[in-house]
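Residues per chain are reported as follows:
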Amino acid sequence: MTSLAIVNAHVVPVTGDPFDGSLVMEGTTITALGPDVTIPDDAQIVDADGAWLTPGLVEAHGHVGIAEESHGWAGDDTNESSEVNGARFRALDAIHPTDEGFRDALSGGVTTIVVKPGSANPIGGQTVALKTWGRIVDEMVIRAPASIKSALGENPKRIHGSDNNRLPKTRQGVAAVLREAFTATRDHLAAKEHAEAEGKPYATDLTHEALGLVLSGEIPWSQHCHRVDDIATAIRIADEFGYRLIIDHGTEAHLIADLLAERELPVVIGPLFTDRAKQELQHRSLTNPGRLARAGVRLALTTDAPVVPIELLVVQAILAVKEGLDRDAAFRAITHGPAEIMGIGDRVGSLAEGKDADVVLWSGDPLEVASRALRVWVDGREVHHYDPDTREGITLDPYATLGTTVAGPQRGRR
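Calculation rules
The written sequence of each chain sets the order in which its residues are numbered from 1. Owing to the predicted nature of the model, reporting of local features is limited to residues with pLDDT of at least 70; listing and counting of side-chain atom pairs is limited to 80 or more, with chain, interface and lining totals taken over all residues. Neither water nor hydrogens contribute to the side-chain values; these are computed over all heavy atoms in the structure. Each helix corresponds to a stretch of at least 4 residues labelled H or I by DSSP, and each strand to a stretch of at least 2 residues labelled E; elements are numbered beginning at the N terminus. The globule rule used for comparison is 2.2 Å times the number of residues to the exponent 0.38, while the radius of gyration itself is calculated over C-alpha atoms. Burial here depends on accessible area, computed with a 1.4 Å probe over protein chains only, as a share of the maximum for the residue type. Under 20% is buried, over 50% is exposed, and the range in between is partly exposed. In this analysis, two residues are considered to be in contact whenever any of their non-hydrogen atoms come within 4.5 Å of each other. Note on areas: Shrake-Rupley, 1.4 Å probe, and residue coverage restricted to the protein chains presented here. The charge count includes Lys and Arg as positive and Asp and Glu as negative, but it does not include His or the ends of the chains. Working definition for charges: the position is that of NZ of Lys, CZ of Arg, CG of Asp or CD of Glu. The nonpolar core is taken to be a set of buried Ala, Val, Leu, Ile, Met, Phe, Trp, Tyr and Cys residues, with the residues joined through side-chain atoms within 4.5 Å. In this scheme, strands are said to pair when DSSP sees at least two bridges between them. Crossovers are marked right-handed if the path from the first strand over the helix to the second runs clockwise, as seen with the strands pointing away from the viewer. Lines fitted to the C-alpha atoms define the axes, with helices restricted to the stretch that makes contact. Angles between their N-to-C directions range from 0 to 180 degrees. Roughly parallel means an angle under 35 degrees; roughly antiparallel, over 145; roughly perpendicular, 65 to 115; everything else is oblique. Put simply, a crossing is left-handed when the front helix is turned counterclockwise from the back one by less than a right angle, and right-handed when it is turned clockwise.

- The protein chain appears in an unreviewed UniProt entry as Amidohydrolase from Parenemella sanctibonifatiensis.

What follows is the structure in structure tokens.
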């Protein structure tokens, strides 16, 4: 098995104290790290020359691969809005790995993204956590499904309310769709259990099977909601049916930050670089992440890519620090925080023995605006590097690398 050792680095594990030392990868896994580790005799050596080494960044909420940039309708598979309940729909089935957004991600040090359906439907579908480099999505998957996406507020009202004879037209209608879906799933699961106990056949229903994963606690519910009233509705319905809730966007979450902290409800906040294009964004502010963190809310920052280009995830953290978010909390909010919130913290989001070898070597402190990702490894393979002579980032082409491990000049990005 191929070993690679990055030595003479300033290592930031995120879940432990930073140190000056080395990190060793064997195959796809981190096998050792510390100020004084034994380097395998056959290891390839990378001298970091004091540069910062961190885990790959984690984007907890985006649409890269299903909302392809510059392709218009042909490349947009974000919303299957023909039905209000799309629990059986899977983002996994619509992701195109050649979307330029994946290369943008690597240029910004983002090695993991949770791709989610859009917010046109009250129930949008199943999300998937995956690496940002690979030939086919099946090779990139970390967890599928990672959650089920749902939406409250303006978007499902606008999309479905445009049809005068179609539910929902109001917030109360959107909430009713969710309650009816969970009630029907609960009834289906009870009937299934009864049939199994009597040895009778029963009909499989993909929608109920998916929602059953939420009711059983196997996966969480990713709830798109901006306004404080929609956040309260999300909490109310989660209490009624007993599932694990994640607040996506949370533009007004700071208004009830104490309640969210008390209830231990995480918030994936953002995107932070948008205008206030609709009513429910009127309280969007770069100060809000700091307000939530100071109240004790578990936090992740999101670009909602491609709404904000995914390579700017770290820049959102930088400016959130400028507006009051603690520096360490900011870096956790783009690494360990989103990984834990989305149930993949055992593999990504921090540097530790046994975790995936997804690491980034930076030119300096990643929370300094002039720093850049110099070299990026995914599953122990170097897939992106920055050439200081040409001032281009070069991403390894996954379709031209069978059996290779060294990045070549495939796709340049200035």
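A word on the overall build of the protein chain
Next up, step 1: Of the regular secondary structure elements, the protein chain holds 11 helices and 20 strands.
Next up, step 2: The C-alpha radius of gyration of the protein chain comes to 22 Å, within 12% of the 22 Å expected for a compact globule of 414 residues.
Next up, step 3: Each principal axis of the C-alpha atoms in the protein chain carries an extent, and together these give about 65 × 55 × 40 Å.
Next up, step 4: Within the protein chain, the fraction of its 414 residues that count as buried is 57%.
Next up, step 5: In the protein chain, the share of contacts with a sequence separation of at least 24, taken over all contacts with a separation of at least 6, comes to 65%.
Next up, step 6: For the protein chain, the exposed surface amounts to about 17100 Å²; the carbon and sulfur share of it is 47%.
Next up, step 7: One finds the centroid of the 39 positive side-chain charges in the protein chain at a distance of 6 Å from the centroid of its 60 negative side-chain charges.

Structural notes on the nonpolar core
Next up, step 1: Counting residues in each nonpolar core, the largest one holds 78 residues, and the members touching the most others are Leu-130, Ile-148, Trp-221, Tyr-243, Leu-245, Leu-260 and Val-267.
Next up, step 2: If one sorts the elements of this core by residue count, helix H6 (residues 228-241) sits on top with six residues.
Next up, step 3: In this structure, Leu-260 is in contact with Ile-231, Ile-235, Ala-253, Leu-265, Val-267 and Val-297, ignoring residues within four places of it in sequence.

Describing the pairing of strand S1 (residues 3-11)
Every regular strand shows the same layout, with side chains that alternate between the two sheet faces.
Next up, step 1: With eight of nine residues buried, S1 is to be regarded as a mostly interior element.
Next up, step 2: Note that S1 and strand S2 (residues 19-26) share seven bridges and pair antiparallel. Along S2, the bridge assignment pairs Ala-9 with Gly-21.
Next up, step 3: Pairing of S1 with strand S4 (residues 44-47), which is carried by four bridges, proceeds in the parallel orientation. The residue of S4 that forms the bridge with Val-7 is Asp-47.
Next up, step 4: As paired elements, S1 and strand S5 (residues 52-55) share two bridges and run parallel to each other. Residue His-10 lies in a different strand from S5, and its bridge partner there is Trp-52.

Things to note about the pairing of strand S13 (residues 245-249)
Next up, step 1: Among the five residues of S13, five are classified as buried, and the element is accordingly described as predominantly covered.
Next up, step 2: Pairing analysis gives five bridges linking strand S12 (residues 221-225) to S13, with the strands arranged parallel. Note on S13: the bridge partner recorded for Cys-225 is His-249.
Next up, step 3: Remark: the S12/H6/S13 crossover connection has right-handed handedness.
Next up, step 4: Bridge count between S13 and strand S14 (residues 267-269): three bridges; the pairing is parallel. Bridge assignment links Ile-247 to a residue of S14, and that residue is Val-267.
Next up, step 5: Between S13 and its parallel partner S14, the chain crosses via helix H7 (residues 257-263), and the hand of that crossover is right-handed.

Side note on the packing of helix H4 (residues 171-197) against H6
For any two helices packed against each other, the geometry is given by the interaxial angle and the distance between the axes.
Next up, step 1: Close contact between H4 and H6 brings their axes to 11 Å; oriented N to C, the two are set at 15°. The angle between H4 and H6 places the two elements in the roughly parallel class. In this structure, H4 meets H6 at a crossing whose hand is right-handed. Residues Arg-171, Ala-175, Leu-178, Arg-179, Phe-182, Thr-183 and Arg-186 of H4 touch H6, and the partners they reach there are Asp-229, Asp-230, Thr-233, Arg-236, Ile-237, Glu-240 and Phe-241.

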